[in-house]
Amino acid sequence: MELETALAKASMDVTSRREPKNIYHPMTVTQLEELAPAIRWPGFFNATGAPAISDLNVANPDFFKGLNALLQSTDLDTIKTYLRWQLIKSIPGYALPTALDDEHFAFYGHTLSGQPQQRDRWKRCVAATDGGLGEALGQVYAEKYFPRRASRRRCRWFMTSRTR
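Please read these numbers as outputs of a predicted model, since none were measured by experiment.

## Structural notes on the overall build of the protein chain
Secondary structure summary: the protein chain contains 9 helices and 2 strands in total. Taken from N to C terminus, the helices and strands of the protein chain fall in the order α-α-β-α-α-β-α-α-α-α-α. Over its C-alpha trace the protein chain gives a radius of gyration of 25 Å, far above what one expects of a compact globule, namely 15 Å for 164 residues. On the principal axes, the C-alpha backbone points of the protein chain span a range of 75 × 45 × 35 Å. Among the 164 residues that make up the protein chain, the fraction classed as buried is 18%. Here the contacts in the protein chain between residues at least 6 apart in sequence split such that 65% fall between residues at least 24 apart. For the protein chain, the computed accessible surface area is about 12,900 Å², with 59% contributed by carbon and sulfur atoms. In the protein chain, 22 side chains carry a positive charge and 17 a negative one; their mean positions are 17 Å apart.

This is how it looks when you write it as structure tokens:
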């Protein structure tokens, strides 16, 4: 919690972020390395599979200064625990073990959002699949049930009916 709070304090508030000049800070990777040397930026970018980067916009330089200080002053076990928690928190509830899913909903869904009960896991899975595959699934469906020949016939009818 202390690490999360310190990171929040280093962050720019939402009102300041609305002003474009406050979030436009073009830098070279070398300048970013000077700003936050606790992270090996070229290695980080390479490990993430990012294309070669020479320049980038560091939207909040003060955050990276604060992050650098926190990385140097915080013990490694605390950082590892924080990163593990961030990973767990990023996983959708329906993909977590039931006990974690229930705890996640109890806090984020019920306590913070006031949702009386959680939707069934299968319904959440179907919604996530539809959200992630909706267009691709729709394309397969259309190809199967509306072959190109029928599509061309409808298109020809539509074009000729419009010119009449």
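## Digging into helix α5 (residues 61-73)
Under the 1.5 Å per step criterion, the end-to-end length of α5 is 19 Å for 13 residues, consistent within 8% with the ideal 18 Å. Listed in full, the buried residues belonging to α5 are Pro 61, Phe 64, Gly 66, Leu 67, Asn 68 and Leu 70. On its buried face, α5 sits against α1 (2-10), β1 (26-28), α3 (29-35) and α4 (41-47).

## A closer look at the environment of Lys 123
On the secondary structure map, Lys 123 appears in helix α8 (residues 121-145). Through-space distance from the C-alpha of Lys 123 to that of Tyr 94 is 9.5 Å; in sequence the pair is 29 residues apart.

## Some words on the side chain of Asn 68
Along the chain, Asn 68 turns up in helix α5. Assessed through its relative accessible area of 9%, Asn 68 is described here as buried. Setting aside anything within four residues of it in sequence, one finds Asn 68 in contact with Leu 35, Ala 36, Pro 37 and Ala 38.

## Looking at the packing of α1 against α5
At a minimum axis separation of 8 Å, α1 and α5 run at an interaxial angle of 150°. Here α1 lies roughly antiparallel to α5, going by the angle between them. Between α1 and α5 lies a crossing of right-handed hand. The residues of α5 that touch α1, namely those facing Leu 3, Ala 6, Leu 7 and Ala 10, are Asp 62, Phe 63, Gly 66, Leu 67 and Leu 70. When the residues that make up the contact of α1 with α5 are grouped by side-chain class, the tally is 7 nonpolar, 1 polar and 1 charged.

## Considering the packing of aromatic side chains
Per the stated rule, a full pass over the model turns up 8 aromatic pairs. Consider the rings of Trp 41 and Phe 44, whose centres lie 5.7 Å apart with planes at 80°: the pair is edge-to-face. In this pair, Trp 41 and Phe 44 both sit in helix α4, 3 residues apart, roughly one turn of the helix. Following the ring pairs from residue to residue traces out a cluster consisting of Trp 41, Phe 44, Phe 45, Phe 63 and Phe 64.

About the thresholds
Residues numbered from 1 in each chain as written. Predicted model: local features only at pLDDT ≥ 70, side-chain atom pairs only at ≥ 80, totals over all residues. Heavy atoms only, no water. Helix = DSSP H or I, 4+ residues; strand = E, 2+ residues; numbered from the N terminus. Rg over C-alpha atoms; globule rule 2.2 N^0.38 Å. Buried < 20%, exposed > 50% of the residue type's maximum accessible area, 1.4 Å probe, protein only. Contact = heavy atoms within 4.5 Å. Areas by Shrake-Rupley, 256 points an atom, 1.4 Å probe, with all protein chains shown as cover. Lys, Arg positive; Asp, Glu negative; His and termini not counted. Charge placed at Lys NZ, Arg CZ, Asp CG, Glu CD. Expected span 1.5 Å × (residues − 1). Axes fitted to C-alpha atoms, helices over the stretch in contact; angles between N-to-C directions. Parallel < 35°, antiparallel > 145°, perpendicular 65-115°, else oblique. Left-handed = near helix turned anticlockwise from the far one by under 90°. Nonpolar A, V, L, I, M, F, W, Y, C, P; charged D, E, K, R; others polar. Phe/Tyr/Trp six-rings, centres within 6.5 Å; stacked < 30°, edge-to-face > 60°.

The values reported here are purely geometric and, on their own, carry no functional implication.
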